[in-house]
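Understanding the architecture of this molecule
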Amino acid sequence: MSLFIYNSLGRAKEQFEPLHPGIVSIYVCGPTVYGHAHLGHAKSYVSFDVVVRWLRHKGYHVKYVQNITDVGHLTDDADEGEDKISKQARLEKTDPMEISQFYTRSFYEDMDKLDVLRPNIAPAATAHIPEQIALIERLITTGHAYEVNGNVYFSVESFPGYGKLSGRTDQEALQSGIRVGVRSDKRHPSDFALWKKAEEGHLMQWNSPWSIGYPGWHLECSAMSMKYLGETLDIHGGGLENKFPHHDCEIAQSEAVTGKPYVRFWMHNNMVTVNGIKMGKSLKNFVNLKDLFNIFDPIVIRFFILQSHYRSPLDFSEVAIKASSTGLEKLLETQRRLREQKNGTGLFEVEPFLKRFNEAMDDDFNTPVAIAVLFDLSKAINSALDGNEGIAEESIQKTDAFLHTAGADILGILTHTEQSMGRNNRESGKTIDGIMDILLELRAEARKNKNFALSDTIRERLLAVGIEIKDTKDGASWSKEQGT
RNA sequence: GGCGAAGUGGCCGAGUGGUUAGGCAGAGGUCUGCAAAACCUUGUACAGCGGUUCGAAUCCGCUCUUCGCCUCCA
């Protein structure tokens, strides 16, 4: 089966084949580390995590690069304002390095909780200043960049395709919309900074042929992606809001130098809204992940994100997440039931579900449909388990293997089952299993003797400590409470 | 103003020119000592107005509304 990916460049689904057979190079814009990660980060990196997992599942060797922006990202427009990291350092009365290190660690903590796999390479912009300077030198040599007063700008007019990704190709028409006063340094208002001369008191600065200064924000992605992945990437991902100007600038910088297509497939994930309105720093409505994890299990957040398509906006509300949480529990419960089933004789065909799941994932990573397939499977499994014949051991193994591959390996949502069953090979798990066996035996004895007061007390008191008992025709089962 | 996306049943959220998305919530039933879970049944949705078509919620046009980008943002 072939994979189709929606390519933002061309705005259509295209069949995906990597440039080099068997190997996929993918670069995703990483965070600017000046604050804790929010739900928008979660949506982006969970989405691309599944992209990478699916590509690996399909047998590709995936080289995944995701940068850490720790310099050059200014608070105002691309060429004005204060460096975000520096500003935060000033606010926290420390230095930029501590800020970027602190929030980088914070970012990975949150991503780990969301079960987002780490990229193969996570290059920091400040660790690649020589590469960025080299790229600027090549741009100047080829006539695509010019220096004025220690600043270096990319000349938009030197690159005819500028704006092709976002559709903003008519630079003259754009000028009416530019609110910032035109800087006298620039030859053209749309030109953007590659290197900025450090002003008095600027904390982060490096030597360069033009001035003591720092690189422009757009530059790092070009320099680092091409360093680690070559001059043409298979996939470049990022948030929709970065399409312009960030990604268009990347294309211009890179292609102007190499003369080759920079990226074959551009993927843009949509935004998170809160009550229908964009989550933004200025609006003060952004949802901090650390706060959110106090209310919801991170895996529930992951599941919630994957229940909508990566190209659709995701509207945040606690009601919606609670609904997701209940749904996820249902899937986990099915997996648990399946694994506990014994002595069944019925056959169960998992192949049709596997096929539908693969088709959904191959269709531009359609995780909502893939999850719907898992729900259909859940219903079919439960129906079979409720039937007289149950499910035979061989079918259970096949089905469970699919659930594990699809639910845990690929989507990363059915990872709690072993843990919640207390059977995770750890000593504590074994101990709990043993204790629970005793309690369930005692309760079964009480029920046999119609001592329902005692059996109900056992059930209620276990529930109070977060363990839920369910009586089935094959005896009682138990599970830790999920989700919230 | 320019570029782009979208309006789906109580809520979330896919998809499609004619056939059930899925989840949550709700209703009825089966099972159960009770409960929970599970299963069965149940919802006749696609902003509005025109047009194309044998047939459109799905294509086209217009209108209304919302959202994103054009300033930093995943």
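Above this note sits the structure.
The notes below deal with the structure included here. What you see is a predicted model; the values in this text were computed from it and never measured.

Attention shifts here to the overall build of chain A. Scanning chain A from N- to C-terminus turns up 16 helices and 15 strands. On the principal axes, the C-alpha backbone points of chain A span a range of 90 × 50 × 40 Å. By residue count, 42% of the 484 residues in chain A fall in the buried class. Intrachain contacts of chain A at a sequence separation of at least 6 include 74% that bridge at least 24 residues.

Along the chain, Glu468 falls in strand β14 (residues 467-472). Through-space distance from the C-alpha of Glu468 to that of Lys480 is 6.1 Å; in sequence the pair is twelve residues apart.

Two modes of strand pairing occur in sheets, parallel and antiparallel, and in both the strands are linked by backbone hydrogen bonds. If you walk across this open sheet you meet the four strands as β5-β6-β7-β8, and the pairing is antiparallel. Of all the strands in the sheet, the pair left with one neighbour each is β5 (145-148) and β8 (213-215). On average, adjacent strands in this sheet sit at an angle of 20° to one another, irrespective of strand direction. Judged from the three bridges that link them, strand β6 (residues 151-154) and strand β7 (residues 192-197) form a sheet pairing that is antiparallel. Paired with Phe154 across the strands is Phe192, a residue of β7. The sheet strands contacting helix α4 (residues 129-141) are β5, β6, β7 and β8, and the helix crosses β5 at an angle near 105°.

Right, let's talk about the nonpolar core for a bit. Formed by 112 residues in total, the largest nonpolar core has its most connected members in Ala42 and Leu194. For this core, the leading source of residues is helix α1 (residues 39-57), giving ten residues. Discounting chain neighbours no more than four positions away, the residues touching Leu194 are Ile136, Leu139, Ala145, Val152, Tyr153, Phe154, Pro215, Gly216 and Leu219.

With that settled, consider unusual backbone geometry. Of note, the bond from Phe244 into Pro245 is cis; its omega dihedral lies within 30 degrees of zero at 0°. A positive phi is found at Asp115, a non-glycine position, where the angle reads about 65°. Relative to the helices and strands, Asp115 resides in the loop between α3 (96-113) and α4. Residue classification places Asp115 among the partly exposed residues on the basis of 17 C-beta atoms within 10 Å. The residue Asn149 is not glycine, and still its phi comes out positive at about 55°. Along the chain, Asn149 falls in the loop between β5 and β6. Asn149 sits in the exposed class, given 10 other C-beta atoms within 10 Å.

Basis of the calculations
- Residues numbered from 1 in each chain as written.
- Chains lettered and ligands numbered in written order.
- Predicted model: local features only at pLDDT ≥ 70, side-chain atom pairs only at ≥ 80, totals over all residues.
- Helix = DSSP H or I, 4+ residues; strand = E, 2+ residues; numbered from the N terminus.
- Buried ≥ 20, exposed ≤ 12 C-beta atoms within 10 Å, placed from the backbone.
- Contact = placed C-beta atoms within 7 Å.
- Pairing = 2+ DSSP bridges.
- Axes fitted to C-alpha atoms, helices over the stretch in contact; angles between N-to-C directions.
- Core = buried A, V, L, I, M, F, W, Y, C linked by C-beta atoms within 7 Å.

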